[in-house]
Amino acid sequence: AQRVTQPEKLLSVFKGAPVELKCNYSYSGSPELFWYVQYSRQRLQLLLRHISRESIKGFTADLNKGETSFHLKKPFAQEEDSAMYYCAPYPTNTGNQFYFGTGTSLTVIP
Amino acid sequence: DAGITQSPRYKITETGRQVTLMCHQTWSHSYMFWYRQDLGHGLRLIYYSAAADITDKGEVPDGYVVSRSKTENFPLTLESATRSQTSVYFCASSESGQSSYGYTFGSGTRLTVV
């Protein structure tokens with residue numbers, strides 16, 4: 001089964017500083033990964049899909065097959081980026097792969 | 001994203017009571033999921049359903065029951081609530097089991113068991 005690990009439960013950065021939220025995966029094959037964001041007391045929403053190679057709200061994420069990572073990055077953090085971030089594999093019914101990482105709570109300090 | 005709604009938003013119940021959390025989606029997504037969100041544990045899958053009348057266990061199914069008689073509804077029942085089931089519960093849907101669009105989530109139900 002596809003599994004992801006988010007090693008940092010809490011992360012604090014100052015406004016304007018670069019931010020990197022780590023996500024590592026541990027499975028073979030061609031991974032499909034997403035980042036979800038949850039702002040305070042709101043529903044989770046899809047932030048990025050790696051297959052789209054998109055940049056949303058200044059965030060990017062590159063799949064690094066050598067390091068088996070899919071880290072989320074932003075060059076200049078903003079206060080409104082404070083939220084809970086989850087890494088998750090592409091939902092697939094092969095091996096019941098509907099599991100999320102444990103999440104990283106990002107706080108951007110003014 | 002009003003296409004997936006959860007009710008109630010907040011619920012306080014007593015230990016031992018049965019409580020049902022409702023989830024309704026209007027997209028005819030085949031897959032639906034229930035997760036619980038707890039500090040330090042992130043999102044944990046309770047149950048999921050691939051289609052009407054097809055359900056399967058996730059990581060933490062004990063103490064919960066689900067049903068899916070209609071595609072659009074996926075209620076979650078706590079048969080005899082315990083304090084450890086105090087949590088925020090999220091329902092989600094996905095158009096298929098192989099979806100490049102990921103999950104769509106409801107707003108959550110904050111359940112407190114006293």
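Small disclaimer: the values here were computed from a predicted structure and weren't measured.

(A) Broad picture of the layout of surface pockets. Taken as a whole, the largest pocket holds about 480 Å³ of empty space. As for the largest pocket, its lining consists of 23 residues, of which Gln38 and Arg41 of chain A together with Gln37, Val88 and Arg110 of chain B are closest to the centre. Of all the secondary structure elements, the ones that give two or more residues to the lining of the largest pocket are β9 (83-89) of chain A together with β4 (31-38), β9 (87-94) and β11 (109-113) of chain B. When grouped by side-chain class, the residues that make up the lining of the largest pocket number eight nonpolar, eleven polar and four charged.

(B) Region of interest: the pairing of strand β1 (residues 4-7) of chain B. Residue and element names in this part refer to chain B. Side-chain alternation along β1 places Ile4 and Gln6 on a buried face and Thr5 and Ser7 on a face that remains uncovered. Pairing of β1 with strand β3 (residues 19-25), which is carried by four bridges, proceeds in the antiparallel orientation. Residue pairing in the sheet places Gln6 in a bridge with Cys23 of β3.

(C) Layout of the confidence of the model for chain A. Residues with a pLDDT of 70 or more make up 86% of chain A, whose mean pLDDT is 86. Here strand β1 (residues 4-5) of chain A stands out as the element of chain A with the lowest mean pLDDT, 86, in contrast to strand β2 (residues 10-14) of chain A, whose mean of 97 is the highest.

(D) How the structure looks around the sheet that holds strand β8 (residues 72-74) of chain A. All names here are of chain A. Reading across from one edge, β3-β8-β7 is the order of the three strands in this open sheet, with antiparallel pairing throughout. Whereas interior strands pair on both sides, the edge strands pair on one side only; in this sheet they are β3 (19-21) and β7 (60-61). Where β3 lies against β8, three bridges are found, and the strand directions are antiparallel. What sits directly across from Glu20, in β8, is Lys73.

(E) Fine view of the packing of aromatic side chains. Taken as a whole and assessed by the stated rule, the structure comprises 18 aromatic pairs over all chains. Between the aromatic rings of Phe100 of chain A and Tyr35 of chain B, the centroid separation amounts to 5.2 Å while the plane-to-plane angle is 85°, which identifies the pairing as edge-to-face. One end of the pair, Phe100 of chain A, is in the loop between β9 and β10 (104-109); the other, Tyr35 of chain B, is in strand β4, on a second chain. In this structure, Phe100 of chain A and Tyr35 of chain B share a single accessibility class: buried. Grouping aromatic residues by their ring pairs yields a cluster made of Phe34, Tyr36, Tyr86 and Phe100 of chain A together with Tyr31, Phe33, Tyr35, Tyr48, Phe90, Tyr103 and Phe105 of chain B.

(F) Quick look at the pattern of salt bridges. Residues and elements named next belong to chain A. Scanning the entire structure with this criterion turns up eight salt bridges over all chains. The shortest N-O distance in the salt bridge between Glu20 and Lys73 comes to 3.6 Å. Pair noted here: Glu20 is in strand β3 and Lys73 is in strand β8, with a separation of 53 residues, a long-range link. A relative accessible area of 39% means that Lys73 is categorised as partly exposed. Sharing partners across several salt bridges, the network here consists of Glu8, Glu20, Lys22 and Lys73.

Parameters at a glance
- Residues numbered from 1 in each chain as written.
- Chains lettered and ligands numbered in written order.
- Predicted model: local features only at pLDDT ≥ 70, side-chain atom pairs only at ≥ 80, totals over all residues.
- Heavy atoms only, no water.
- 1 Å grid on protein atoms, 1.4 Å probe; cavity = no way out; pocket = protein on both sides within 12 Å on 5 of 7 lines; lining within 4 Å.
- Points joined across faces, edges and corners; volume = space filled by probe spheres on them.
- Helix = DSSP H or I, 4+ residues; strand = E, 2+ residues; numbered from the N terminus.
- Nonpolar A, V, L, I, M, F, W, Y, C, P; charged D, E, K, R; others polar.
- Buried < 20%, exposed > 50% of the residue type's maximum accessible area, 1.4 Å probe, protein only.
- Pairing = 2+ DSSP bridges.
- pLDDT = per-residue confidence, 0-100.
- Phe/Tyr/Trp six-rings, centres within 6.5 Å; stacked < 30°, edge-to-face > 60°.
- Salt bridge = Lys/Arg side-chain N within 4 Å of Asp/Glu carboxyl O.

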